[in-house]
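Working through the structure, step by step
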Amino acid sequence: MAERHEPRPRGSWVLSAAALLAVAAALTAFGVILDEGLWGPSKVAVCAAAIAAAGLVRTRVRRWAPLWSAIGAGLGALLALTVLFAADTAFLGVVPLPATAQRFVELIGAGEISIAEQSIPAAADDGIRFVMASGIAALAIMVDVVLVHGRRPAFIAVPLLAILAVPVVLAPGALPVLAVLATAGAYLLALALHRPAA
């Protein structure tokens, strides 16, 4: 039976960077459904924190690495969301407290109302930005874990297409060609970097 390929730590960082690049490229498609403004950096920051946390876990853990890296990524995303959206409710502005969970619930509710009531392009208020950052971070974790630990890296297309699908559903026919091309290029780069050891 062939031994399961596990990338060396240095190689896993390269793959994680490729995962972040692919997610960031797909995220540019949201420009057609959101008003101009700095809505993108917070999403990329949460994704970067999640992927970096997964990478740090991978340097320390070998057994059950995919599971532990996903858990680490989830914690990294939680801390980043806390700093960006609820620092005033957290211990030292970072460690979530019960009030932080309540703030998150409020932001989700505000995001749902804002999405329901606004027209396209929508203003990226705190609720929308929180909902987007949370959802895209979850997809970024999937991309990272599948790319670094999976034997079939082509499956990262699924979460990337899920990101691209949101603008398609909300603004049919408005998906920017450059966003699709950038995502496709990042996807191909990720596949090229995913080379099992001989």
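Turning our eyes to something else, we now look at the overall build of the protein chain. A tally of helices and strands in the protein chain yields seven helices and zero strands. The linear arrangement of helices and strands in the protein chain, starting from the amino end, is α-α-α-α-α-α-α. If one aligns the C-alpha atoms of the protein chain with their principal axes, the spans along those axes are about 55 × 45 × 25 Å. The proportion of buried residues among the 198 residues of the protein chain is 40%.

Turning our eyes to something else, we now look at the layout of surface pockets. Estimated volume of the second largest pocket: approximately 210 Å³. Every residue lining the second largest pocket is counted, 14 residues in all, and those nearest its centre are Ile-33, Leu-34, Ile-115, Ile-128 and Leu-170. Listed by contribution, the elements that provide at least two residues to the lining of the second largest pocket are helix H4 (98–117), helix H5 (126–149) and helix H6 (157–170). Looking at the lining of the second largest pocket element by element, the count peaks at three residues for H5. Of the residues that constitute the lining of the second largest pocket, the class distribution is 11 nonpolar, three polar and no charged.

As a packed pair, helix H2 (residues 40–60) and H5 sit with axes 8 Å apart at the nearest point and diverge in direction by 35°. Handedness of the crossing formed by H2 with H5: right-handed. Taken together, the residues of H5 that come into contact with H2 (itself represented by Ser-42, Lys-43, Val-46, Cys-47, Ala-50, Ile-51, Ala-54 and Arg-58) are Arg-129, Met-132, Ala-133, Ile-136, Ala-137, Ala-140, Ile-141, Asp-144, Val-148 and His-149. Here the contact of H2 with H5 is composed, by residue class, of 12 nonpolar, two polar and four charged.

The next subject is H2. Over its 21 residues, H2 extends 31 Å from the first C-alpha to the last, a length consistent with the 30 Å expected when each residue adds 1.5 Å. Within the sequence span of H2, burial applies to Gly-40, Ser-42, Lys-43, Val-46, Cys-47, Ala-50, Ile-51, Ala-53, Ala-54, Gly-55 and Arg-58.

Let us now look at a nonpolar patch on the surface. Together, Leu-79, Val-83, Leu-84, Phe-91, Leu-92, Val-94, Val-95 and Leu-97 give the surface a local cluster of nonpolar side chains, amounting to about 700 Å² of exposed area. Among the structural elements, Leu-84 can be located in helix H3 (residues 65–85).

The subject of this paragraph is the side chain of His-194. Position of His-194 relative to the elements: it lies in the segment after helix H7 (177–193). A distance of 3.1 Å separates a polar side-chain atom of His-194 from the backbone oxygen of Gly-150. In contact with His-194, not counting residues within four places along its chain, are Leu-15, Leu-147, Gly-150 and Pro-153.

Let us look at the packing of H3 against H4. Each packed pair of helices is defined by two parameters, the angle between the axes and the distance between the axes. Axis separation between H3 and H4 bottoms out at 11 Å; the angle between their running directions is 75°. Judged by the inter-axis angle, H3 sits roughly perpendicular to H4. Note on element contacts: H4 touches H3 through Thr-100, Arg-103, Phe-104 and Leu-107, opposite Leu-78, Leu-81, Thr-82 and Phe-85. Here the residues of the contact of H3 with H4 are counted per class, giving five nonpolar, two polar and one charged.

Looking now at the nonpolar core. Formed by 33 residues in total, the largest nonpolar core has its most connected members in Val-23, Phe-30, Leu-34, Met-132, Ile-136 and Leu-160. For this core, the elements supplying multiple residues, two or more each, are helix H1 (9–27), H2, H5, H6 and H7. Leave out the neighbours within four places in its chain, and Leu-160 touches Ala-22, Val-23, Ala-26, Val-143, Thr-183 and Tyr-187. Counting residues in each nonpolar core, the second largest holds 16 residues, with Val-46, Leu-81, Ala-137 and Ile-141 among its members.

Turning our eyes to something else, we now look at the side chain of Ser-114. Relative to the elements of secondary structure, Ser-114 occurs in helix H4. Of the polar contacts made by the side chain of Ser-114, one reaches the side chain of Gln-118; its length is 2.5 Å. Not counting chain neighbours up to four residues away, the residues in contact with Ser-114 comprise Asp-125 and Ile-128.

Time to look at the environment of Leu-20. As for its position among the elements, Leu-20 is in helix H1. Along the primary structure Leu-20 and Asp-144 are separated by 124 residues, whereas in three dimensions their C-alpha atoms are 7.7 Å apart.

Procedures and definitions
- Every chain is numbered independently, its residues counted from 1 as its sequence is written.
- Per-residue local features are limited, in this predicted model, to residues with pLDDT of at least 70; the limit for side-chain atom pairs, both in listing and counting, is 80 or more; totals at the level of whole chains, interfaces and linings are taken over all residues.
- Each side-chain value is derived from all of the structure's non-hydrogen atoms; neither hydrogens nor water enter the calculation.
- Helical segments are the DSSP runs of H or I of at least four residues, strand segments are the runs of E of at least two, and each set is numbered from the N terminus.
- Only protein chains enter the accessibility calculation, which uses a 1.4 Å probe; a residue is then buried when its area is under 20% of its type maximum, exposed when over 50%, and partly exposed in between.
- Cavities and pockets are defined on a 1 Å grid built over the protein atoms alone: a cavity is a set of grid points where a 1.4 Å probe fits but cannot escape, while a pocket is an open set with protein on both sides within 12 Å along at least five of seven lines, and lining residues are those with an atom within 4 Å of any such point.
- Grid points are joined across faces, edges and corners, and a volume is the space filled by probe spheres set on the points.
- Note on residue classes: Ala, Val, Leu, Ile, Met, Phe, Trp, Tyr, Cys and Pro are nonpolar, Asp, Glu, Lys and Arg are charged, and everything else, Gly too, is polar.
- Axis angles are defined between N-to-C directions and span 0 to 180 degrees, where every axis is a line fitted to C-alpha atoms and, for a helix, only to the segment in contact.
- Whether a crossing is left-handed or right-handed is set by the direction in which the near helix is turned from the far one by less than a right angle, anticlockwise for left-handed and clockwise for right-handed.
- We call two residues contacting when some pair of their heavy atoms lies within 4.5 Å.
- To estimate how far a helix should extend, the number of its residues minus one is multiplied by 1.5 Å.
- Patches draw on residues past 30% relative accessible area with no salt bridge. Two like charges within 9 Å are joined, as are two nonpolar side chains (Val, Leu, Ile, Met, Phe, Trp, Tyr) within 5 Å.
- Each accessible area is a Shrake-Rupley result for a 1.4 Å probe, and residues are judged covered by the shown protein chains and nothing else.
- Between Lys or Arg on one side and Asp or Glu on the other, a salt bridge is scored when a side-chain nitrogen of the former is within 4 Å of a carboxyl oxygen of the latter.
- Polar contacts here mean pairs of N or O atoms no more than 3.5 Å apart (in protein, one a potential hydrogen donor and the other a potential acceptor; neighbouring residues in sequence count only if both atoms are side-chain atoms).
- Oblique is the label for any angle not under 35 degrees, not over 145, and not in the 65 to 115 range, which are roughly parallel, roughly antiparallel and roughly perpendicular in turn.
- Buried residues of nine kinds, namely Ala, Val, Leu, Ile, Met, Phe, Trp, Tyr and Cys, make up a nonpolar core once their side-chain atoms join them within 4.5 Å.

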